[in-house]
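Summary of structural features
Okay, here's what each chain looks like letter by letter:
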Amino acid sequence: MTQPNHMLHARIYTTPSHHRLRLERPPQRNVVVSTHCSISSSAPHSHRRLKMLHPYILGAFFASVLGFFLLYALRDKERKDNRHRHHRADGLVTSSSEIGQCRQDDGFGTDIIIVGAGVAGSALAHTLGKDGKRVHIIERDLTEPDRIVGELLQPGGYLKLIELGLEDCVEEIDAQRVLGYALFKDGKNTRLSYPLEKFHSDVAGRSFHNGRFIQRMREKAASLSNVHMEQGTVTSLLEENGTIKGVQYKTKAGQELRAYAPLTIVCDGCFSNLRRSLCNPKVDVPSCFVGLVLENCQLPFANHGHVILADPSPILFYPISSTEVRCLVDVPGQKLPSIANGEMANYLKTRVASQLPPQLYDAFISAIDQGKIRTMPNRSMPADPYPTPGALLMGDAFNMRHPLTGGGMTVALSDIVVLRDLLKPLSNLNDAVSLSKYLESFYTLRKPVASTINTLAGALYKVFCASPDRARKEMREACFDYLSLGGVCSAGPVALLSGLNPRPLSLVVHFFAVAIYGVGRLLLPFPTLRRMWIGARLISGASSIIFPIIKAEGVRQMFFPVTVPAYYSAPPTK
């Protein structure tokens, strides 16, 4: 049959720079159309023409959609590449033209350089060294750190510590066993125990002085003959033709040196100055912690962390030694009352102290009067790496979440287990491009555990903060009452919090179970239009809390990691 000359063909034309869809009329053909057709005879022809046109219209539509998404993907990739190039040019990466032919040879024959000897760096150095890798670890300051965070290790993190052979690092530092949490709100309280029945009696959370724990791990790493630990400040990464070859650093004596290895792992913490060349950092600072140490104070529930749902935001208490209790007061925003002129002390005494359990009031006031008030910004940052040959990010330099749930060390230790298993079968790390392609699986394999803990931390912090909004108030009250129900309503969320069962689907189910429980409370015994409206806003508010966090973490990698090609990456054959 001859096609009518008014039909349009959909064709996709591609050029190296963009994709576009063009509708083109086909060449004219000599078609004789009778002008004497009756209306009754032309109707079937029109119908047939419409039937013939339908597939072309649909084809044009789908081709347009395909072209749009293809164009969007290419432009998005171009933007990311431009950002990557921009960050690589910001002075933190030394290019091949700057490296020249001068190379330092320390005679050590390093396989892996690790930047930073905090929790992640020290544990990683010991783990890789134990597997036979020659490790050079460079830390800015090897004296004992003095921090107010990184003091609570969840049971899931302790299990990873055992898996890495580092469980003795919590010994001889007066670490305290933590068996669960106690939750306080408006004079009411509930105790939430970790579900430890199926584990060895030694398995529990641990709380301690962060510096003591880090020093123990540094000692353990440095005890291996193939781990070289050095004090120095890494100033830049060394790059040749797009591949990171090592680092440039300044020694304790002030000497500028360069160190080279097939793989450089950056673990320089939350204030990392190297991450910008290896990832797209989207750092959010929702609040700050104000830290105090309460001495000779007995907590209402021994061997438990305590969370007070205060106004405007939560307050934490947990033991860090046999005689000391850490208090962390969350202050929303980044602007804090001044410590120097006494505004902070006044804020703590007038705004915070009255909301504490009576057993803690006197010790809290005494700690304020001693004047040892510390502050720390609470940062969160989803992992968004640039896969770079010769380099990898780990720890807080790579991924952060609100410290309310104490999940940071659990994520870091879990990541180390994943990376150890990936590197163990490799005897040669010199093919940087193949190694980088293989290690892309690290970003996928870590996601279910890391994203569950990250999402829980962000969502729980927003739910626990006070709000004048009625729907948010109901969500906060529903969360407290839901956890107080016991059984699966408390065991499930606490298993997520502790890192013992970090499953993304379980997190979403319990989060919306809390929201539905809150709606049910509103509608009973008699639903009204106003209560139904608040219930709808409660569900909407819950969605607006959790879905943006999940989106930032990556829906596909978090819930469907097996569908990501990198999940099946095989070790390089060379």
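These numbers come from a predicted model, not from an experiment. (Residues numbered from 1 in each chain as written. Predicted model: local features only at pLDDT ≥ 70, side-chain atom pairs only at ≥ 80, totals over all residues. Heavy atoms only, no water.)

It is worth spelling out the packing of aromatic side chains at this point. One pair of aromatic rings is described through two measures. These are the centre distance and the angle between the planes. Within this structure, the stated rule accounts for 11 aromatic pairs. Their ring planes at 75° and their centres at 5.1 Å tell us that Tyr567 and Tyr568 sit as a pair that is edge-to-face. Residue class for Tyr567 comes out partly exposed when judged on its relative accessible area of 30%. In this structure an aromatic cluster arises from ring pairing among Phe398, Phe442 and Tyr443. (Phe/Tyr/Trp six-rings, centres within 6.5 Å; stacked < 30°, edge-to-face > 60°. Buried < 20%, exposed > 50% of the residue type's maximum accessible area, 1.4 Å probe, protein only.)

As a further point, take the sheet that holds strand S10 (residues 205–207). With antiparallel pairing, 3 strands are arranged side by side in an open sheet as S6-S10-S7. One side of each edge strand has no neighbouring strand; the edge strands of this open sheet are strand S6 (152–153) and strand S7 (176–178). As defined by bridge partners, S7 adjoins S10 across 3 bridges and the pair is classed as antiparallel. In the strand pairing of S10, Val178 is matched with Gly205. (Pairing = 2+ DSSP bridges. Helix = DSSP H or I, 4+ residues; strand = E, 2+ residues; numbered from the N terminus.)

This part takes up the packing of helix H11 (residues 470–484) against helix H13 (residues 504–523). For the pair H11 and H13, the least separation of the axes is 8 Å and the interaxial angle reads 110°. Relative to H13, H11 is oriented roughly perpendicular. Between H11 and H13, the residues in contact are Arg470, Glu474, Met475, Glu477, Ala478, Cys479, Asp481 and Tyr482 and His510, Phe511, Ala513, Val514, Ala515, Tyr517, Gly518, Arg521 and Leu522, respectively. In the contact of H11 with H13, the residues fall into 10 nonpolar, 2 polar and 5 charged. (Axes fitted to C-alpha atoms, helices over the stretch in contact; angles between N-to-C directions. Parallel < 35°, antiparallel > 145°, perpendicular 65-115°, else oblique. Contact = heavy atoms within 4.5 Å. Nonpolar A, V, L, I, M, F, W, Y, C, P; charged D, E, K, R; others polar.)

Relative to the assigned elements, Lys447 resides in helix H10 (residues 447–464). On the basis of relative accessibility, which here comes to 3%, the residue Lys447 falls in the buried class. The residues touching Lys447, leaving out its near neighbours within four places in the chain, are Ala383, Thr452, Glu553, Gln557 and Met558.

In this section: the sheet that holds strand S16 (residues 305–308). Pairing is mixed in the open sheet, where 7 strands are placed in the order S9-S8-S16-S17-S18-S15-S19. Only two strands of the sheet have a single partner each, and these edge strands are strand S9 (188–193) and strand S19 (374–380). Within the sheet, the average angular offset between the axes of one strand and its neighbour, ignoring direction, is 20°. Note that strand S8 (residues 180–185) and S16 share 4 bridges and pair parallel. In the strand pairing of S16, Ala182 is matched with His306.

In terms of nonpolar packing, the biggest core is built from 67 residues, with Leu124, Phe213, Val247, Ile265, Leu419, Leu423 and Phe442 touching the most fellow members. Of the residues forming this core, the biggest block, 9 residues, is contributed by helix H8 (residues 408–423). Not counting the four nearest positions on each side in its chain, Phe442 is found in contact with Leu392, Leu393, Met394, Phe398, Asp415, Val418, Leu419 and Leu422. Ranked by size, the runner-up nonpolar core spans 58 residues in total, among them Phe289, Tyr318, Ala542 and Ile550. (Core = buried A, V, L, I, M, F, W, Y, C linked by side-chain atoms within 4.5 Å.)

A few words now on the side chain of Ser272. Summarising the element assignment, Ser272 is placed in the loop between strand S14 (263–266) and strand S15 (284–295). Residue Ser272 is classed as buried on the basis of its relative accessible area of 9%. Separated by 2.6 Å, the side chains of Ser272 and Asp268 make a polar contact. In terms of polar contacts, Ser272 uses its side chain to reach the backbone amide nitrogen of Arg275, at 3.1 Å. In this structure Ser272 touches Val266 and Ala397, once residues within four positions along its chain are discounted. (Polar contact = N/O pair within 3.5 Å; in protein donor to acceptor, adjacent residues only side chain to side chain.)

The side chains of a regular strand alternate, residue by residue, between the two faces of the sheet. Counting buried positions along strand S17 (residues 315–319) gives 5 out of 5 residues, so the element sits mostly inside the fold. Here S16 runs beside S17; their pairing, made up of 3 bridges, is antiparallel. Looking at S17, one finds that Ile308 is bridged to Ile315. In this antiparallel pair of consecutive strands, S16 and S17, the connection spans 6 residues. In terms of strand pairing, S17 meets strand S18 (residues 324–332) through 5 bridges, oriented antiparallel. Bridging across to S18, Pro319 finds its partner in Val325. Once S17 ends, the chain turns through 4 residues before running back antiparallel as S18.

With 16 residues, H8 ought to run about 22 Å at 1.5 Å a step, and its terminal C-alpha atoms sit 23 Å apart, in line with that. With respect to burial, H8 is a largely interior element, 14 of its 16 residues being buried. (Expected span 1.5 Å × (residues − 1).)

Okay, the UniProt feature "transmembrane region" (unreviewed entry) in the protein chain next. This chain's UniProt record puts "transmembrane region" (unreviewed entry) on residues 56–74, 479–499 and 505–524. For residues 479–499, the end-to-end C-alpha separation is 19 Å, with 76% helix and 0% strand making up the annotated structure. The span residues 505–524 is 95% helix and 0% strand, and its two end C-alpha atoms sit 28 Å from each other. (UniProt positions renumbered as here; feature names shortened; annotations may be inferred.)

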